[in-house]
Amino acid sequence: MVAYNPNNNYTRNNQPRQQEAEIHKFDVSKLNADNYVDKAEEIIKAHKDAMDRDSISTSQIRNLLDLLNGLRERLRTERVTKLTEDMKGQVQYIKLRFVYAAGRDKDSKGVRDFIQRSGMIACLDTVKDSVKQYELVCKYMEALVAYHKYYINK
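**A look at the side chain of Asn35**
(1) Moving on: Take Asn35: it is sitting in the segment before α1 (36-50).
(2) Moving on: Within the structure, the side chain of Asn35 is placed 2.8 Å from the backbone nitrogen of Asn32, a separation counted as a polar contact.

So, in structure tokens, the structure goes:
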């Protein structure tokens, strides 16, 4: 039995682990209202080029967008200027669901690659209590969905 070591390159039965390809991650600090559409297009093109087989499906990417839209709709109806503690908790829950979706995707790596490449988890970290920043993250995700449909699921 091999003790867990995150730097260990061997699995439990001493077979070398396959090294995952380095994914160029998007610097979310550069995301703004002027460039989120262009950045989304770059991300989807890179995702398409990197995925030689399975990619993220339309239903998988739409499910991720639906997670964001639930809170977005609540923000529209309640017309708050800052996120409440409950809303910040919802943002953390959405982040958790994105991490879970990436973790479930062990075989095809399409969802994991998409989430890592797009920087969505880091984007959710930038929200803090800003309604404006949350809206930007939602629009960025919408742009990712649109370009995914345009380039990958024609």
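Here the narrative resumes, following the displayed structure.
**Points about the packing of aromatic side chains**
(1) Moving on: Enumeration over the complete set of coordinates arrives at two aromatic pairs.
(2) Moving on: On the basis of an interplanar angle of 15° and a centroid distance of 5.9 Å, the ring pair of Tyr147 and Tyr151 is categorised as stacked. Remark: Tyr151 and Tyr147 occur in helix α6 (residues 131-151); sequence separation between them is four residues, near one turn of the helix.
(3) Moving on: Classification of Tyr151 by relative accessible area gives buried; the value is 16%.

**Observations concerning the pattern of salt bridges**
(1) Moving on: For the structure shown, the criterion picks out ten salt bridges.
(2) Moving on: Two residues, Asp113 and Arg117, come together in a salt bridge whose shortest N-O distance is 2.8 Å. Placement of the pair is Asp113 and Arg117 together in helix α4 (residues 110-118), with a separation of four residues, close to one helical turn. Across the pair, Arg117 and Asp113 agree in class, each one buried.
(3) Moving on: Residues joined by salt bridges that share partners form a network here, namely Arg72, Glu135 and Glu142.

**So, the nonpolar core**
(1) Moving on: Counting 39 residues, the largest nonpolar core has Leu68, Phe98, Phe114, Tyr134, Tyr140, Met141 and Leu144 as its most contacted members.
(2) Moving on: Going through the elements one at a time, α1, α2 (58-78), α3 (85-104), α4, α5 (120-125) and α6 are the ones with two or more residues in this core.
(3) Moving on: In terms of residues, this core owes the most to one element, α6, which gives twelve residues.
(4) Moving on: In this structure, Met141 is in contact with Ile61, Leu64, Leu65, Leu68, Phe114 and Met120, ignoring residues within four places of it in sequence.

**Regarding α4**
(1) Moving on: With seven of nine residues buried, α4 is to be regarded as a mostly interior element.
(2) Moving on: Turning to α4, its buried residues number three or more, namely Gly110, Val111, Asp113, Phe114, Ile115, Arg117 and Ser118.
(3) Moving on: Among the structural elements, α1, α2, α3, α5 and α6 are those in contact with the buried residues of α4.

**Considering the environment of Glu78**
(1) Moving on: You can see Glu78 is positioned in helix α2.
(2) Moving on: There is a polar contact of 2.9 Å between the side chain of Glu78 and the side chain of Arg74.

**Digging into the packing of α2 against α3**
(1) Moving on: It is at 9 Å that the axes of α2 and α3 come closest, and there the two elements cross at 170°. The angle between the axes of α2 and α3 places the two elements in the roughly antiparallel class. Facing Leu64, Leu67, Leu68, Leu71, Arg74, Leu75 and Glu78 of α2, the residues of α3 in contact are Asp86, Met87, Gln90, Val91, Ile94, Arg97, Phe98 and Ala101.

Rules used in this analysis
- Residues numbered from 1 in each chain as written.
- Predicted model: local features only at pLDDT ≥ 70, side-chain atom pairs only at ≥ 80, totals over all residues.
- Heavy atoms only, no water.
- Helix = DSSP H or I, 4+ residues; strand = E, 2+ residues; numbered from the N terminus.
- Polar contact = N/O pair within 3.5 Å; in protein donor to acceptor, adjacent residues only side chain to side chain.
- Phe/Tyr/Trp six-rings, centres within 6.5 Å; stacked < 30°, edge-to-face > 60°.
- Buried < 20%, exposed > 50% of the residue type's maximum accessible area, 1.4 Å probe, protein only.
- Salt bridge = Lys/Arg side-chain N within 4 Å of Asp/Glu carboxyl O.
- Core = buried A, V, L, I, M, F, W, Y, C linked by side-chain atoms within 4.5 Å.
- Contact = heavy atoms within 4.5 Å.
- Axes fitted to C-alpha atoms, helices over the stretch in contact; angles between N-to-C directions.
- Parallel < 35°, antiparallel > 145°, perpendicular 65-115°, else oblique.

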